[in-house]
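Here is how the chains run, residue by residue.
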Amino acid sequence: MKQDNCIFCKIIAGEIPSHTLYEDEQFKVILDVNPATKGHALILPKEHFANLYELPEETAADAMRLAKRMMKKMTEKLDCDGFNIVQNNGEVAGQTVFHFHMHLIPRYKNDGEILKYIAGEPDQEELARIKKMLTE
Ligand code: AMP
Ligand code: ZN
């Protein structure tokens, strides 16, 4: 179902142009308009879901299968040295377009620390507390 004012729904409907790399009944894969690296692409389900919380499990599985196929083809064609698959959920996590999407980011030697985070150093007690919280 298309959602008004959703830029990705408009791209899928052909109302806004995009550089499409792949398309089937369920998904469209486009080049990101502000790429982090050469070839940065986005997998979009054609149906509108705001994020992974809303995405049906089966569609999530299909999206990951497609990501693997795209990654293989893009690596061959672009001759990249590695690959990040990124998927943001919620504003606090960096999501800016609220139509589920997966980023396919080819990585090249010396392309910079585009996804670096600061590694924490929790003690064993803290890790044990979190584990308890998540497994009870
Ligand atoms: P996120 O921050 O995970 O929500 O990512 C949204 C991504 O969509 C960003 O990387 C944007 O550069 C990209 N984007 C926004 N508008 C367009 C557009 N019209 N065509 C292609 N990519 C877009
Ligand atoms: Zn949408």
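A quick note: this is a predicted structure, and the numbers were derived from the prediction, not measured.

Glancing now at the pattern of salt bridges. Taken as a whole and judged by the stated rule, the model has nine salt bridges. Among the salt bridges present, the one from K28 reaches E23, with a minimum N-O distance of 3.5 Å. Between E58 and R65 there is a salt bridge, and its shortest N-O distance comes to 3.5 Å. Owing to a relative accessible area of 47%, R65 belongs among the partly exposed residues under this scheme. Beyond isolated ion pairs, a larger network of salt bridges with shared partners links E23, K28 and K46.

As a further point, take the coordination of the zinc ion (ligand 2). Every protein donor of the zinc ion (ligand 2) is accounted for by C6 (SG), C9 (SG), H48 (ND1) and H99 (ND1), and the metal-donor separations fall at 2.0 to 2.3 Å. Each of the four donor atoms around the zinc ion (ligand 2) contributes to a set of angles spanning 105 to 116°, which defines the coordination as tetrahedral. All donors of the zinc ion (ligand 2) come from a single chain, and their spacing in sequence reads C-x2-C-x38-H-x50-H. With C6 in the segment before α1 (7-12) and H99 in the loop between β4 (82-86) and β5 (102-107), the pair connects residues that are 93 residues apart, well separated along the chain. Classification of C6 by relative accessible area gives buried; the value is 5%.

With that out of the way, let us pick up unusual backbone geometry. Even without being glycine, N5 reaches a positive phi, approximately 70°. Along the polypeptide, N5 turns up in the segment before α1. Its identity as a non-glycine residue notwithstanding, D79 has a phi of 55°, on the positive side. Within the fold, D79 resides in the loop between α2 (57-78) and β4. For D79, a relative accessible area of 60% gives the class exposed.

A word on the site of ligand 1. Near ligand 1 you find 16 residues, and of these D32, G94, T96, H101 and H103 are the closest. One of the backbone nitrogen or oxygen atoms of V33 is found 3.2 Å away from a nitrogen atom of ligand 1. The contact in question runs from an oxygen atom of ligand 1 to an N or O atom on the backbone of T96, over 2.7 Å. About the coverage of ligand 1: the protein hides 83% of its 510 Å² of free accessible area. Of all elements in the fold, only α1 and β2 (27-31) reach the threshold of two or more residues within the shell around ligand 1. Ranked by the residues each element gives to the shell around ligand 1, the list is headed by α1, at three residues. Residues that form the shell around ligand 1 fall into these classes: eight nonpolar, seven polar and one charged.

Looking now at the sheet that holds β5. Here we have five strands laid out as an open sheet, ordered β1-β2-β3-β5-β4, and antiparallel in their pairing. Of all the strands in the sheet, the pair left with one neighbour each is β1 (20-23) and β4. Between one strand axis and the next, the sheet turns by 20° as a mean value, whatever way the strands run. Taken together, the five bridges between β4 and β5 define a ladder with antiparallel strand orientation. Note that in β5 the partner of G82 across the bridge is R107.

What counts and how
Residues numbered from 1 in each chain as written. Chains lettered and ligands numbered in written order. Predicted model: local features only at pLDDT ≥ 70, side-chain atom pairs only at ≥ 80, totals over all residues. Heavy atoms only, no water. Salt bridge = Lys/Arg side-chain N within 4 Å of Asp/Glu carboxyl O. Buried < 20%, exposed > 50% of the residue type's maximum accessible area, 1.4 Å probe, protein only. Donors = N, O, S within 2.8 Å, 3.2 Å for Na, K, Ca; no water. Tetrahedral: all angles 85-135°; square planar, octahedral: opposite > 155°, others 65-115°. Helix = DSSP H or I, 4+ residues; strand = E, 2+ residues; numbered from the N terminus. Near = heavy atom within 4 Å. Polar contact = N/O pair within 3.5 Å; in protein donor to acceptor, adjacent residues only side chain to side chain. Areas by Shrake-Rupley, 256 points an atom, 1.4 Å probe, with all protein chains shown as cover. Nonpolar A, V, L, I, M, F, W, Y, C, P; charged D, E, K, R; others polar. Pairing = 2+ DSSP bridges. Axes fitted to C-alpha atoms, helices over the stretch in contact; angles between N-to-C directions.

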